[in-house]
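Coordinate analysis (summary)
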Amino acid sequence: VKNIKNIVIIGSGNVAFHLIKAFSLKGINIMQILGRNKETTENLSRTFKIPGITNKHELNSDADLYILAVQDDQIHKTALDLGLKDQLLVHTSGFSPLDLLDGTSTRTGVIWPLQTLTSGKKVDYRRIPIFIEGSSDGIEKDLSQFASLVSDKVVVARTAVRQQIHLAAVIASNFTNHLYEISASILEKNGIPFSVLAPLINETAEKAARGHPSGSQTGPAMRRDMKVIGEHLELLGDEPAFREIYRLISENITHHHTKTNEKL
Ligand SMILES: NC(=O)c1ccc[n+]([C@@H]2O[C@H](COP(=O)([O-])OP(=O)(O)OC[C@H]3O[C@@H](n4cnc5c(N)ncnc54)[C@H](OP(=O)(O)O)[C@@H]3O)[C@@H](O)[C@H]2O)c1
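Residues numbered from 1 in each chain as written. Predicted model: local features only at pLDDT ≥ 70, side-chain atom pairs only at ≥ 80, totals over all residues. Heavy atoms only, no water.

**Regarding the pairing of strand β5 (residues 88–91)**
Looking along a regular strand, one sees the side chains alternate between the two faces of the sheet. Burial along β5 is two-sided: Leu88 and Val90 and Leu89 and His91, pointing in opposite directions, are all buried. Chirality of the crossover, the property in question, places the unit of strand β4 (residues 65–68), helix α3 (residues 75–82) and β5 among those that are right-handed. By the bridge criterion, four bridges tie β5 to strand β6 (residues 107–113) in an arrangement that is parallel. Paired with His91 across the bridge in β6 is Val110. (Buried < 20%, exposed > 50% of the residue type's maximum accessible area, 1.4 Å probe, protein only. Helix = DSSP H or I, 4+ residues; strand = E, 2+ residues; numbered from the N terminus. Right-handed = clockwise from strand over helix to strand, strands pointing away. Pairing = 2+ DSSP bridges.)

Given below as structure tokens:
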């Protein structure tokens with residue numbers, strides 16, 4: 001296993017910020033960040049005191065690892081543009097397949113941190129699961145060792161499995177957050193701050209995370225309380241999209257728990 005010590009980050013967004021922060025704290029040398037956005041590239045460069053470049057011709061070609069933290073639809077094109085040959089090149093996406101990097105280097109991989117990451121927001125890196133894939137066993141070993149510097153939970157997961165995990169994560173995190181947005185708009189229309197829901201949100205998430213979500217479902221749909229459900233739908237009268245979401249999710253809760261009860 002060859003130690004990865006010197007790395008280059010491509011991209012200057014959310015994931016780039018956290019990769020730079022987490023790995024530089026562990027003594028990894030961030031040789032450069034290559035961005036296309038001048039402002040965010042300069043910000044990262046200044047914050048972490050590392051060279052920032054926006055011209056790929058200034059790219060250092062002897063890093064141990066090149067990490068592409070760019071939007072999924074930019075991964076292939078950006079990787080090709082780097083003009084690498086045998087240098088280790090990875091992307092950080094949960095959904096994009098490893099073979100998206102085919103033809104961009106002979107040594108490729110994926111380092112996917114399973115956490116919602118926003119520039120500047122604090123997270124506990126040790127608790128973030130990191131899923132690894134490599135175009136050879138040796139690469140998977142190198143990447144696992146590298147990711148273990150920051151995380152206690154590094155797992156090899158190939159593309160097909162990683163995509164299923166990504167699907168589950170989108171539903172658990174992005175969908176739930178959108179439901180929070182709907183809740184916020186209902187409250188704010190009535191002059192009530194969203195923060196009244198904070199203890200409820202935390203308790204729901206902690207209960208599900210401690211055990212299993214099926215053991216902690218409550219509410220009118222779970223109780224099959226059609227009267228409350230009908231009245232809620234009426235309150236959502238002027239918001240057809242929210243109404244539809246409410247109706248679909250309620251039906252699914254009732255249906256899911258009927259099936260579960262029948263099995264018992
Ligand atoms: N955020 C998360 O929670 C999260 C978690 C795990 C994995 N991921 C994955 O990580 C990757 C990056 O996500 P993100 O949230 O960090 O996205 P992001 O905040 O939108 O950042 C993407 C960055 O890449 C830059 N970029 C695009 N094309 C480039 C190019 N050709 N050369 C240099 N820089 C380029 C963008 O510049 P512009 O400012 O010009 O667009 C932007 O700075 C995605 O594959 C995503 O699926 C994200």
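The structure having been displayed, the exposition proceeds.
**Quick look at helix α1 (residues 14–25)**
One full turn of an α-helix is made of 3.6 residues, so residues set three or four places apart face in the same direction. For α1, which comprises twelve residues, the first-to-last C-alpha distance of 17 Å matches the rise-based estimate of 16 Å (1.5 Å per residue) to within 8%. For α1, the full list of buried residues reads Ala16, Phe17, His18, Leu19, Ile20, Ala22 and Phe23. Along its buried surface, α1 packs onto β1 (6–10), β2 (29–34), α2 (38–48), β4 and α4 (137–147). Two residues or fewer past α1, Gly27 is found with a positive phi of approximately 85°. (Expected span 1.5 Å × (residues − 1). Contact = heavy atoms within 4.5 Å.)

**Section: the pattern of salt bridges**
Scanning all chains against the criterion turns up nine salt bridges. A salt bridge links Arg162 to Glu133, with the shortest nitrogen-to-oxygen separation between them at 2.6 Å. Separated by 29 residues along the polypeptide, Arg162 in helix α5 (residues 159–189) and Glu133 in strand β7 (residues 130–134) bring together distant segments of the chain. Taken individually, Arg162 and Glu133 each receive the classification buried, so the pair is uniform in this respect. Two residues, Glu251 and Arg247, come together in a salt bridge whose shortest N-O distance is 2.7 Å. On the criterion of helical spacing, the pair formed by Glu251 and Arg247 is a turn pair, its members being four residues apart in helix α8 (residues 240–263). (Salt bridge = Lys/Arg side-chain N within 4 Å of Asp/Glu carboxyl O.)

**Things to note about the pairing of β6**
β6 sits mainly inside the fold: six of its seven residues count as buried. Two elements, β6 and β7, share five bridges in a ladder whose sense is antiparallel. Considered in β7, the bridge of Ile111 is made with Ile132.

**Focus: the site of the ligand**
Taken together, 23 residues form the shell around the ligand, and within it Val15, Arg36, Asp72, Thr92 and Leu117 come nearest. For the ligand, an oxygen atom lies 2.8 Å from a polar atom in the side chain of Arg36. Between an oxygen atom of the ligand and a side-chain N or O atom of Asp72, the distance comes to 2.7 Å. Listing elements by their share of the shell around the ligand, those giving two or more residues are α1 and β6. By residue class, the composition of the shell around the ligand is eight nonpolar, 13 polar and two charged. (Near = heavy atom within 4 Å. Polar contact = N/O pair within 3.5 Å; in protein donor to acceptor, adjacent residues only side chain to side chain. Nonpolar A, V, L, I, M, F, W, Y, C, P; charged D, E, K, R; others polar.)

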